[in-house]
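Survey of secondary and tertiary structure
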Amino acid sequence: DKKDKKDKKDDKGKDKDKKDKDKDKKEEKKLKRSLGFQLPEQSAVRYQVELAAEHLRRPAGVEGDERVKFKPDLWQKRLLDIVDSGGSALVVAPTASGKTFIAYYVMEMCLRANDEGVVIYVAPSQALAEQVFYEVQARYTKSYRSDSEHLTGIFCTAWRDHHLECQILVVEPACLELLMLEPVYAGWLRRVRHIIFDEIHSVGMAGGDVWERTLLYTDAPMLGLSATLGNVAGFHSWLAAAEAQRGRELHLVVHNERYNDLCPYVWTDREAAEEQIVPLHPCWATLKRLVPGRRWEFPSDFKLLPEDCVRLRDAMAEVDPSPATAELAPERYFQRVADPTFNLSMRDTKGWEADLKRRFCELPHDAQRGALDRIALRSEAACAHVEGQLAQLSETRYLQANMLRMIRSLQRAEMLPCIVFHMTRKNCERFAERVAELLRREEEAEHERDGHAKEVQKQEKKVQDVERALEKMGWSRDKADDEPTEDQKEVLQSLDIARNKLRKLQSVDPRFALIPPGQTQLTEEEIDEIAGRKGFFNPRKPLHRALLRGIAAHHGGLPRAYHMAVCRLFRMKRLAVVVATETLAMGINMPTKTSVFAGDAVFLNGMNYRQMAGRAGRRGFDLRGNIVFMGVRREKVQRLMNSELPTLTGNMLLTGTGALRMLIKQASIYTKAEHDLQLQRKTLEEKIDRIEELVGPVLAGWRGAKGYRERPDDAARLAALPAGGGAAGRRAGGVLSA
C-alpha cells in the first residue's frame, strides 16, 4: 500500500511537472506572438535587455524627504528647495516623469500657511482646467471662518465659480490676463503667492501671445512646467530676463529621463495575428537621413530601447565583424557591471546606447546602409501593406472597417486600455458607435446560436408567474408600504431573485464588451453613480449605450456632463477604449497603456504627436507605454517618429486694446500714501452719509412739530444739489439747514 501511494504521488508530481512545462510553452508562444520574433537560446544578460527590458530597475529617489510622501529624485529635491525659498523655476521633464507633484506641493503649502494667500494654476484648455479644479477639490479640505471664503475656484471662458473668494484658482490664460489688467483686482493680485503655468510650451502655439503677456505681467514667483519645450536655453534666457527685472532669479530644472519608455508599432489588417502588430525600430525612421558623403549624426533627442540596441548591434555585427563592434555585444559589454546576470538597470543601458550610437557613426556609409536595411525589413513590409490598403480604400472607410479588428488585436496582446486619437470630431463619434454596434451584432448572432433568446423568454415568463402568484395572495404595488406576511415575504424574495436573473440575461454579454483587465462589466446604475447624477445614462443615445461595452468618445463638442463621466470612468479603469481628438493630449490625467494614431491630419505634427504619445505608459500604472499607428502612411510615420520639437518664436504682444487697457491701469495706480488717503476719504464719506440718513427723519419731525415751512427758494436750492447728498452734496456746496 505504501508503495502504491508513493507511485501515485510520483505520478502526480510528474503530471504537475508536465502541466508546468506545457504552461511555460504556452507562455513562450504568447510572448513570441507579442514580440514578433523567435526566442533563441540566450544568456541571462541578453535576456534582460532583449526580452525583459521593461522590467529593468528604474532610477529611484536616493533618500526620503519629510516634505513629501515619496522618495524624490535629486532634481525633485532641488525643485522643492527652490519653491521653499520663494524662487521661480522653469521645469522641463518628460511626461510621466513626476514633475506635476510640485504644483500640488505649492498648493498645500499655501493652504497650510494662512487663509489669505492665493495660488493660481494656469491650464491651456478648459478640459484640463476643469479636471485640475475637481482634482484639487477631491484632494484637499479646509474649514474657513467665513462662508464667503472657498478653497477652490475656477475661471474659464465658458464658466466661473468663486474665482475671487478662493485660495486655489484654476484659470485659462485669457481669463488670467483679464484679472491682471483690471485695476479693481489690484488688491487681490497682491495676495497671490505663486503662479503655476502648466504646459508652458503653449507659448509657441495658437494663442501664444496671451501666454507671453501673462508671463510678463505676473509679479508673483512662477513655475513653468513642460514636457515638450523646444530651444530650452533661448526660452529660459528670455524668461529669466523678465524675472530679473522683478528682482528674482529663474532657476532651470531639466530632467531628460522618462520613467516609462514608449514602444512604437504599426498595425496591419493581415490575417496572421503575429503579423498585425509589428514593432517599429527607431532607426527605420532615420533612413532618409543616411546620405553618401555626409557624416551620420543621430538627432539630439533620438532614443533607443534596450531591445532596439540589441537589434542594432546584431545588424552591425553582420556587416562589421571588427573587435570594436564585437565588444558591444551585451554579454561582453555588461561584464563591467557588478553581477550583471540579474542586476541591470535602465541607467546601465544608457551608456551602452551611447556607445552603440558612437560606433555606428564611425562605420563607413555602406556598412551603415547594410545595417539599417536589415533592421528595416519588417517595418518596411508592414508599412507597404498599409499603403496598399489605403490605395484601395479611403482613409475613413479603412479605419471604420478595421477599428474593431485593431482593438481585438490590442486586447489579445494585453495592450488595453487605449486612447485612439483621430482629429475629426464626427468620425470620433462614428468610430465609437460603429465598434459598439458591431459588438452588439456579434452578440445577437451568438445568442441566436446558443439559444439565449429562448432562455430570456423563459425567465420573463417565470417573473410573470411569480407576480401573478403575489397578486393571488393579495399583494400589489399599491400595498408595497404594508408589512407583508411570511408567505408573501418568501414569494417576494423569489421575485427579486427571478428579476435579478432576468436583468443579468438582458444585460450586455461580457464576451462582447471591451472590459479592462481585472474589471467587471459596467451597469447603468454604476454609470449614473460614477457620473454623479441620477438619470445621467440615456439608453436612447448611442454613445451612452457604448459605455456599457467599454467604449467612449471625447471631443470639445460633446456635453460637459458626458466629458466628466468619460474621464472618471477611464481613470477608474472601467473603459477600455476612448476615441478622442487632441482634447486629451494637453496634460489631461487619463493614464492609458496604448496611444493609437488612427489616420492622418494636417494638425498631427511633431508637437501634438509627442503630447498624444505621452498619454501612454504613465508612471505608477504601466511599466511601458505603447504607440500604435493605424492607417498612417509610411512617410508620415517616419516624420513623426523622427520629428524634433519646434523652435519657439515671439509673438506681436502689443495691440490697440491691450495698450488702452494698460494705460487705464497705469492711470489708476497710486502710491501707498495716495492709496491710504483715498481709503480714509472713502471711509469718512461713508460715515457722513450714514449720519445724514439717521439725522434726516429726526430733523423732518422736529420741523413739523415747530411748524416750519419750506420756503420757495429752499426747494430750488435743494433741486440744484446732486442726488445722494452727503459727500457729493458737499462738493456742490450743499448744506443742512432748518
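Because the structure is a prediction, the values reported are computed rather than measured.

The geometry of helix 18 (residues 452-472) relative to helix 19 (residues 486-506) is characterised by a closest axis approach of 9 Å and an angle of 160° between their N-to-C directions. Relative to helix 19, helix 18 is oriented roughly antiparallel. Where helix 18 crosses over helix 19, the two elements pack in a sense that is left-handed. Together, His452, Glu455, Val456, Gln459, Glu460, Val463, Val466, Glu467 and Leu470 of helix 18 and Gln488, Val491, Leu492, Leu495, Ala498, Arg499, Lys501, Leu502, Leu505 and Gln506 of helix 19 make up the contact between the two elements. The residue makeup of the contact of helix 18 with helix 19, split by class, is 10 nonpolar, four polar and five charged.

Here the focus is the nonpolar core. Counting 150 residues, the largest nonpolar core has Met403 and Phe629 as its most contacted members. The element contributing the most residues to this core is helix 4 (residues 101-113), with nine residues. Discounting chain neighbours no more than four positions away, the residues touching Phe629 are Tyr265, Val266, Trp267, Leu280, Phe597, Tyr609, Val637, Leu640 and Met641. Membership of the second largest hydrophobic core comes to 29 residues, among which are Val122, Cys175, Val192 and Leu239.

With that settled, the discussion passes to helix 23 (residues 606-613). Given 3.6 residues per turn, any residue in an α-helix points the same way as the ones three and four places further on. Along helix 23, seven of the eight residues are buried, which leaves the element largely enclosed by surrounding structure. When helix 23 is considered as a whole, its buried residues turn out to be Gly606, Met607, Asn608, Tyr609, Gln611, Met612 and Ala613.

With that settled, the discussion passes to the sheet that holds strand 8 (residues 250-254). Strands sit in the order 4-3-5-2-6-7-1-8 across an open sheet of eight strands; the sheet is mixed. The open sheet has two free edges, formed respectively by strand 4 (160-161) and strand 8, since each of these has just one partner strand. Of the pairings in the sheet, the one linking strand 6 (residues 192-197) to strand 7 (residues 222-226) comprises three bridges and is parallel in character. Within the sheet, the bridge partner assigned to Phe197 lies in strand 7 and is Gly224. Against the sheet, helix 9 (residues 232-245) touches strand 1 (88-92), strand 7 and strand 8, its axis set at about 155° to strand 8.

Time to look at the packing of aromatic side chains. Summed over the entire model, instances satisfying the criterion amount to 13 aromatic pairs. Seen in terms of ring centroids, Phe597 and Tyr609 are 5.2 Å apart; in terms of plane orientation they differ by 40°. Their pairing is tilted. Of this pair, Phe597 sits in strand 14 (residues 594-598) while Tyr609 sits in helix 23, placing them 12 residues apart in sequence. Under the relative-accessibility criterion, Tyr609 is labelled buried at 9%. Among the aromatic residues, those joined into a ring-pair cluster are Phe421, Phe597, Tyr609 and Phe629. Arg139 extends its terminal NZ or CZ atom over the ring of Tyr104, reaching a point 3.9 Å from the ring centre.

Our focus in this paragraph is the side chain of Glu307. Among the secondary structure elements, Glu307 is positioned in helix 10 (residues 306-319). With residues near it in sequence (within four places) discarded, Glu307 still touches Val49, Glu50, Ala53, Cys263 and Arg624.

Reading the values: rules and limits
Residues numbered from 1 in each chain as written. Predicted model: local features only at pLDDT ≥ 70, side-chain atom pairs only at ≥ 80, totals over all residues. Heavy atoms only, no water. Axes fitted to C-alpha atoms, helices over the stretch in contact; angles between N-to-C directions. Helix = DSSP H or I, 4+ residues; strand = E, 2+ residues; numbered from the N terminus. Parallel < 35°, antiparallel > 145°, perpendicular 65-115°, else oblique. Left-handed = near helix turned anticlockwise from the far one by under 90°. Contact = heavy atoms within 4.5 Å. Nonpolar A, V, L, I, M, F, W, Y, C, P; charged D, E, K, R; others polar. Core = buried A, V, L, I, M, F, W, Y, C linked by side-chain atoms within 4.5 Å. Buried < 20%, exposed > 50% of the residue type's maximum accessible area, 1.4 Å probe, protein only. Pairing = 2+ DSSP bridges. Phe/Tyr/Trp six-rings, centres within 6.5 Å; stacked < 30°, edge-to-face > 60°. Lys NZ or Arg CZ within 6 Å of the ring centre and 35° of its normal.

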